[in-house]
Structure formats: C-alpha cells, structure tokens
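The primary structure of each chain is shown beneath.
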Amino acid sequence: MNLFLFKEGRRRVGFRSYLFFVLLFSVLFFNSCKGIAISGKTENVPGYSKAEAMLVLGSERNRYQNIMGPEVWNIPITGQLEKTYGAYFIDKTKEFLQDIRTLNLLAEEKGIQPNSTEMEGIRKAANKFYTSLSEEDKAFFGDCTEKDVVDMYSAYFTAEKTVDALLSKVDTELSAAESKVIRIEQIVVSDEETARDLLEKVRTSGANFTYYARQYSEDPEFQKQLSFGEKEDKVYETAFSLNNNEISDIVSENGKFYIIKCLDSYDEEATKDRKERLEQSIRVLRFNESYDAYQKEHIVRFREPFWKTIDLHAGEGSTADFFFSVYQEYVKIDK
C-alpha cells in the first residue's frame, strides 16, 4: 500500500513498519497540502518525465478507479482551488512528487543513496512491476520503460532512507513516569452520603469492589486505563498515587464523588506501547521542524506542460495498481 491509500483507509503498511509509514506520510503529504511560504530560492532541478510521473499517478488512478469506478474523478469538492476530485488528485500527486524531489536534494547534501544491496532490491521490484504490466498499462503510464521504474523506485527509496536517517538522530527518550499507564476500577456517585456508605463496604475484608462498582457506579465504564499527564484533576492525581489493590478515600470532583481502586499501578505492556507512540510523535514534530525549514529554503516546483493535460479518464484498458505494493515487497533499507 502507498501513501495515498494510507491517508484514506487510515493508514496501513509502512515502509518498514506501520509507525514509520505514519511518520513519512505526515512529513510528505500533509506538508505538501498546507503549502509552503516562498522564502528561499526556487531550485533549478528538473521535474520527472511524463512516464516517471505517470507510474505513480497512473497506478494510483487505477487503484481508486478499480474500487470506486471512473465517476470518482467527477465528484465535486469544496474548500479547494480544484473543483473536482480528479483535479485535486492530480495536484496533490504533483505536490507529493515535488516533496520526493526535495528529500532527494537533502539526500544529496548528506550523501545518502541506495547501496548495492538496496539497489538489487530496487531492480528486482522494478522488473517484477514492469513485466506484470499489460500493453494498455504501459501506454497509459506514458510508454514507460523498466528504467523509468528503476528511477522512480530509486527516488522514492532515497526519500525514505533520508527520513529514516534523520529520524534515527532525534533524541526522544522518555522516562517511565512520563509514559506510565495504570488500570483502575472506580465507583462514581452524586451523593456524598452514598459514597461514604460504599467506601465502608468496599473496605470490608473480603469485599468485592467490582460487584459494588457494577451495582452502584453512575459511570457504567467503571474499569479504566489512565495515562499519566492525560488530565490534571483530583481523580487522576489520586489514582496515580495508589499502589496495587489500594482503595482511595472519597474524591470530590465536579459535583461527583469517586472511590478508586488501583488494579495495576504500572501496566507494563500499555506503558511500553504508549512510550513508543509518544516517542514517534516527538520524532514527527522534530523532523517536521527541520524539514519545513529546509523546504522553505529549497523551493521545488514542477512546470512541465504535461501536468496540465493529464486525463484521468484515458487509459481505459489500464488496471495495474500495484506500484507501491511491489515496492514494499522487494525494497528494504539495509540496516
């Protein structure tokens, strides 16, 4: 799957993992959508040939069209300069490829390129993709050659490897406390006297806290997973102060009365997962900061005339929609 399907289907296989795919997609696609302030120089770099661009655009056109039919391109959209989804699709594909070119410029500066092992995977993927195309596919893809496929896979891979290299340098280490997740049960009632009566009952030796929570809590979701820092109130403060199986005193918050029992004061698996997600989010933010700065100083704009003449209704016999899926099958970063 590729960046475009990832945006819609909410979001799937990544370059090397799901989370990494989130990162690269957020860098490339969302940055391109928001527009770039013209503050730096416009780079004198060539755009892609029609065949190279159509490998991406044509494969994506087919994937959408194979699912939804050709009428999808005529759907009107609002809030954009483009009036139909087809025009919007072409424009965003162009912006996406401009971002790939920008990352390739950054790769040149940093000396990042595919090594021999990685190029072997790229060539295998290109051969697999190209030999699977019908004559109708090749024609719609701008009379592409296998070399065009190799060149586009190389460009895409170099962008990926550049992001991977820069992300690996971002310091995102969080403490266990900052990532901590706990599990609790709670009883929530509106009457303080009722809360006092229930507190006495649940603190009786052998009492079943779950039974009283299920019977009396006004919040039917009495079992909860709480993340440190998610909220700042008395309930959270109290919950995170408890040890395993400890029951709190009555906590008053927003007109409600809470009794909390800590089931697990450190959910190891949930904490590990949250720590990874938080660190990935930090990487996205840090990388976006540096990439935005570079992008503003190195403006890439494609002005080839073929972009204005692309017809998404052409290539009626073309159905090949596997440009990115073949790439993901064969091409890996050599760690």
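Up top is the structure these notes are about.
A. Broad picture of the environment of Asp151. Tracing the chain through its elements places Asp151 in helix α7 (residues 146-167). In this structure Asp151 comes out as partly exposed when scored by relative accessible area, which is 27%. As a C-alpha pair, Asp151 and Arg123 span 28 residues in sequence and 9.4 Å in three-dimensional space.

B. The arrangement of the pattern of salt bridges in detail. Under the counting rule described, the total for this entry stands at 16 salt bridges. The partner of Arg277 in a salt bridge is Asp273, with the nearest N and O atoms 3.0 Å apart. Residue Arg277 and its partner Asp273 are located together in helix α12 (residues 268-297), separated by four residues, close to a single helical turn. On the basis of relative accessible area, Asp273 is assigned to the partly exposed category, the value being 39%. For Lys275, the salt bridge goes to Glu279, with nearest N and O atoms at 2.8 Å.

C. Examining the environment of Ala165 more closely. Looking at the secondary structure, you find Ala165 in helix α7. Between the alpha carbons of Ala165 and Ala107 there is a distance of 9.7 Å; along the sequence they are 58 residues apart.

D. View of unusual backbone geometry. For Asp143, which is not glycine, the phi torsion reads 55° and is therefore positive. Residue placement: Asp143 occurs in the loop between α6 (135-140) and α7. Overall, the relative accessible area of 59% leaves Asp143 in the exposed class.

E. Structural detail: the sheet that holds strand β5 (residues 256-264). Reading across from one edge, β3-β2-β5-β4 is the order of the four strands in this open sheet, with antiparallel pairing throughout. Looking at the sheet topology across the chains shown, the edges are occupied by β3 (223-227) and β4 (251-253). Taking the axes of each pair of neighbouring strands and ignoring which way they run, one obtains an average angle of 45° across the sheet. When β4 meets β5, the two strands line up antiparallel, connected through three bridges. In the strand pairing of β5, Val251 is matched with Tyr258. Helix α9 (residues 192-202) contacts β2 (181-189) and β5 of the sheet and is inclined by roughly 25° relative to β5.

F. Here's a closer look at the environment of Phe129. Position of Phe129 relative to the elements: it lies in helix α5 (residues 116-131). Between the alpha carbons of Phe129 and Ala320 there is a distance of 9.2 Å; along the sequence they are 191 residues apart. Here Phe129 is in contact with Leu55, Phe141, Val149, Tyr153, Phe322, Phe323 and Val326, once residues within four sequence places are set aside.

G. Structural context of the pairing of β5. Of all nine residues making up β5, seven are buried, and the element is well covered by its neighbours. As paired elements, β2 and β5 share seven bridges and run antiparallel to each other. Across the sheet, the residue bridging to Val188 is Tyr258, located in β5. Between β4 and β5, which pair antiparallel one after the other, the connecting turn spans two residues, and Asn254 there sits at a positive phi close to 55°.

Here is what the cut-offs are and how they apply
- Residue positions are given per chain, counting from 1 as you read along its sequence in written order.
- In keeping with the model being predicted, local features are shown solely for residues with a pLDDT of at least 70 and side-chain atom pairs are shown and tallied solely at 80 or more, while totals for entire chains, interfaces and linings include all residues.
- Neither water nor hydrogens contribute to the side-chain values; these are computed over all heavy atoms in the structure.
- Under the scheme used here, helices are H or I runs from DSSP no shorter than 4 residues and strands are E runs no shorter than 2 residues, and both carry numbers assigned from the N terminus.
- Any residue under 20% of the maximum accessible area for its type is buried, any over 50% is exposed, and the rest in between are partly exposed; the area is computed with a 1.4 Å probe on protein chains only.
- What counts as a salt bridge is simple: a side-chain nitrogen of Lys or Arg found within 4 Å of a carboxyl oxygen of Asp or Glu.
- What makes two strands pair is DSSP finding at least two bridges between them.
- Think of each axis as a best-fit line through the C-alpha atoms, taken over the contacting stretch in the case of a helix, with angles from 0 to 180 degrees between the N-to-C directions.
- Residue contacts are counted whenever heavy atoms from the two residues lie within 4.5 Å of one another.

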